[in-house]
Amino acid sequence: MLSYRHSFHAGNHADVLKHIVLLRIIRALQQKEKGFFYLDTHAGVGRYSLNTYEAEKTAEYQEGVARFWQRDDLPPEVADYLAQVKKVNYGTQLKHYPGSPLIAANLLRAQDRALFTELHPSDFPLLRNNFKQYENVTTKRDNGYQQLKAALPPKERRGLVLIDPPYELKEDYDLVVQAIEEGYKRFATGTYAIWYPVVLRQHVKRIVRGLEQTGIRKILQIELALRPDSDQRGMTASGMIVINPPWTLEAEMQAVLPYLVKTLVPENTGSWKVEWITPE
Ligand SMILES: C[S@@+](CC[C@H](N)C(=O)[O-])C[C@H]1O[C@@H](n2cnc3c(N)ncnc32)[C@H](O)[C@@H]1O
C-alpha cells in the first residue's frame, strides 16, 4: 500500500522541524573538508509546488513554512533554513517548497555524494527528473530500508542517513529500528536521523524502546508539539531522533525551538523537548 503523497503535507510544521535539523547536521558535516555521503531512504519527489490542488486542499504549509516567510526576526538557524526555501522561489511569494533531497543536493560540494530512494511508482519518476542534472546525486526506485544494508558503509566513511517514512503502515515503527541496527552494524560512526509523527504516543515509545534495546549510545530526541498528546486522531507533534548527532546540534536546537514553537503555535498550546534517549 503506497497511498501517502507528501505533496499534501510539504512545508508543514513537521517539515520545518525536520528540515532545520537536517540542515544543521549537513552544516556540521561540512565543517570538514573531507566529503560525506547523504542517504535519503524515503525521498519523496524533492520539490513541491504549493499552489497545486494537493497543497491547497490541506494548506498545511500555511501553518508551517509560511509563518516564517515575512518575518524579520529570524534566528540564524531559521534564516539558514529559509534561505534554502528561497533558493527554489524566484519571486517574493512562497510558491515552491524543497523536500529533504533538494535541500541537501543544493548544498553538496564536489567531494560530497548523495543517494535518494523512493518506492512510489508515480513519485519516483518525478524524483529522478528533478535530480537528473545533479552530478553527485543518484536516484533509485527501491525500498529505502534496504539501502542501510546495500549502501553502507560509504567509501567516504563519513555520512548522514535520513529515514523519513510515511508511517501509513504500523510496521514502519519497527522497521526504522531494524534499519538502524543494520546500518549501525556496517557504519557505526555515521549519523542517522529518524523522523517520527506523534499520533499515538505508544508508537513513539515503541521506537524509543527498540533503540534502547539495541545498546547503541548517543541518541538524541528532538520534538516539537502543537498541543499535548491525545488519543483523538491527528498528529499533535513530530520529532527527530538523531544517532551520533554533531556535538553542536543539542545546543542549536535548544536555542531555536522556543522561537519555532512561539511562531508555529501562536495559540500557546505548544511545547518542545531536546533529550538524550541514551547519552555517550
Ligand atoms: C514523508 S515522505 C518523504 C519526504 C521527504 N523525505 C522530505 O522531507 O521531503 C515519505 C516517502 O516515502 C515513500 N515510501 C514509502 N515507503 C517506502 C519505502 N519502503 N522505501 C522508499 N520510499 C518509501 C513514500 O512514497 C513517500 O514519498
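Residues numbered from 1 in each chain as written. Predicted model: local features only at pLDDT ≥ 70, side-chain atom pairs only at ≥ 80, totals over all residues. Heavy atoms only, no water.

1. Some thoughts on unusual backbone geometry
Heads up, the condition is: Secondary structure elements follow DSSP: runs of H or I no shorter than four residues count as helices, runs of E no shorter than two count as strands, and numbering proceeds from the N terminus. Classification of residues uses two cut-offs on accessible area relative to the type maximum, computed with a 1.4 Å probe and protein chains only: under 20% is buried, over 50% is exposed, and between them is partly exposed.
For the peptide bond that leads from Leu152 to Pro153, omega is -5 degrees, which places it in the cis range. Along the chain, the position of Pro153 falls in the loop between helix 7 (147-150) and strand 6 (159-163). In this structure, Ala59 is a non-glycine residue whose phi angle is positive, near 50 degrees. Take Ala59: it is sitting in the loop between helix 2 (53-58) and helix 3 (66-69). Among the residues examined, Ala59 registers a relative accessible area of 23% and is labelled partly exposed. Unusually for a residue other than glycine, Asn268 sits at a positive phi of about 70 degrees. For Asn268, the position within the fold is in the loop between helix 10 (249-264) and strand 10 (271-278).

2. Overview of the UniProt feature "site: Interaction with substrate rRNA" (unreviewed entry) in the chain
Stated precisely, the cut-off is as follows: UniProt positions are given in the numbering used here, feature names are shortened, and annotations may be inferred rather than shown by experiment. Working rule for contacts: check all heavy atoms of both residues, and any pair within 4.5 Å makes them a contact. Two N or O atoms count as a polar contact when they lie within 3.5 Å, although within protein this holds only if one can serve as hydrogen donor and the other as acceptor, and sequence-adjacent residues are included solely when both atoms are side-chain atoms.
What UniProt calls "site: Interaction with substrate rRNA" (unreviewed entry) maps, in this numbering, to Tyr4. Within the secondary structure layout, Tyr4 lies in the segment before helix 1 (13-29). When near neighbours in sequence (up to four residues on either side) are disregarded, Tyr4 contacts His9, His120, Pro166 and Glu168. One polar contact links Tyr4 to His6, side chain to side chain, over a distance of 2.7 Å.

3. Thoughts on the layout of surface pockets
So the rule is basically this: Points on a 1 Å grid, built from protein atoms alone, make a cavity when a 1.4 Å probe fits but cannot get out and make a pocket when they are open with protein on both sides within 12 Å along at least 5 of 7 lines; residues with an atom within 4 Å of a point are the lining residues. Grid points are joined across faces, edges and corners, and a volume is the space filled by probe spheres set on the points. Amino acids outside the nonpolar list (Ala, Val, Leu, Ile, Met, Phe, Trp, Tyr, Cys, Pro) and the charged list (Asp, Glu, Lys, Arg) are all regarded as polar, and Gly is one of them.
Reported here for the largest pocket is a volume of approximately 1,200 Å³. Around the largest pocket, the lining comprises 48 residues; the ones closest to its centre are Tyr4, Pro165, Pro166, Tyr167 and Glu168. Breaking the lining of the largest pocket down by element, the ones donating at least two residues are helix 1, helix 5 (100-105), strand 4 (113-118), helix 8 (172-186) and strand 7 (191-198). Here the element with the most residues in the lining of the largest pocket is helix 1; it accounts for four residues. When grouped by side-chain class, the residues that make up the lining of the largest pocket number 20 nonpolar, 16 polar and 12 charged. When its volume is computed, the second largest pocket comes out at roughly 440 Å³.

4. Points about the sheet that holds strand 6
Short version of the rule: In this description, strands pair whenever DSSP reports at least two bridges between them. To obtain each axis, a line is fitted to C-alpha atoms, and for helices this fit is confined to the stretch in contact; angles are then taken between N-to-C directions over 0 to 180 degrees.
Within the open sheet, the eight strands sit side by side as 5-4-1-6-7-9-8-10. Their pairing is mixed. The open sheet terminates on both sides in strands that have one partner only, identified here as strand 5 (137-141) and strand 10. Averaged over neighbouring strand pairs, the angle between their axes works out to 15 degrees when direction is ignored. Looking at chain direction, strand 8 (residues 219-225) and strand 9 (residues 237-243) are connected through seven bridges and run antiparallel. Bridged to Gln221 within strand 9 is Ile241. Sitting on the sheet, helix 8 is in contact with strand 6, strand 7 and strand 9, with an inclination near 175 degrees to strand 7. Across the sheet, helix 10 lies against strand 8, strand 9 and strand 10, angled at about 155 degrees from strand 10, the strand it touches most.

5. Thoughts on the packing of helix 8 against helix 9 (residues 201-214)
When two helices pack together, their arrangement is captured by the angle between the axes and the distance separating the axes. In plain terms, the rule: Any angle from 65 to 115 degrees is called roughly perpendicular, while one under 35 is roughly parallel, one over 145 is roughly antiparallel, and all others are oblique. For a crossing to be left-handed, the near helix must be turned anticlockwise from the far one by less than a right angle; the clockwise case is right-handed.
Between helix 8 and helix 9, the least distance of the axes is 9 Å, while the angle of their chain directions is 20 degrees. Comparing their axes, helix 9 and helix 8 come out roughly parallel. Of the two elements, helix 8 crosses helix 9, and the hand of that crossing is right-handed. Each of Tyr173, Asp174, Val176, Val177, Ile180 and Glu181 in helix 8 lies in contact with helix 9, whose residues at this interface are His203, Arg206, Ile207, Gly210, Leu211 and Thr214. For the contact of helix 8 with helix 9, the residue count by class is six nonpolar, three polar and three charged.

6. Quick word on the nonpolar core
Put simply, the rule reads: Buried Ala, Val, Leu, Ile, Met, Phe, Trp, Tyr and Cys residues that are joined via side-chain atoms within 4.5 Å together make up what is termed a nonpolar core.
Core analysis: the largest hydrophobic core is formed by 92 residues, its most contacted members being Ile222, Met253 and Leu260. Non-local contacts of Met253, meaning those with residues more than four positions away in its chain, are made with Leu17, Ile20, Val21, Arg24, Ile222 and Val274.

7. Side note on the packing of aromatic side chains
Quick reminder of the rule: For Phe, Tyr and Trp, where Trp contributes only its six-membered ring, two rings pair if their centres lie within 6.5 Å, and the inter-plane angle classes them as stacked under 30 degrees, edge-to-face over 60, or tilted in between.
This model, assessed by the stated rule, comprises six aromatic pairs. A centroid spacing of 6.1 Å and a plane angle of 70 degrees characterise the contact between Tyr38 and Phe116, whose relative ring orientation is edge-to-face. Of this pair, Tyr38 sits in strand 1 (residues 37-40) while Phe116 sits in strand 4, and the two are 78 residues apart along the sequence. Like Phe116, Tyr38 is buried.

8. Quick word on helix 1
One turn of the α-helix equals 3.6 residues, which is why residues spaced by three or four share an orientation. Rules: Here the expected length of a helix is defined as 1.5 Å per residue gap, with one fewer gap than residues.
Between the first and last C-alpha of helix 1 there are 25 Å, a value that for 17 residues agrees with the 24 Å anticipated at 1.5 Å per step. Extensive coverage of helix 1 is indicated by the burial of 16 of its 17 residues.

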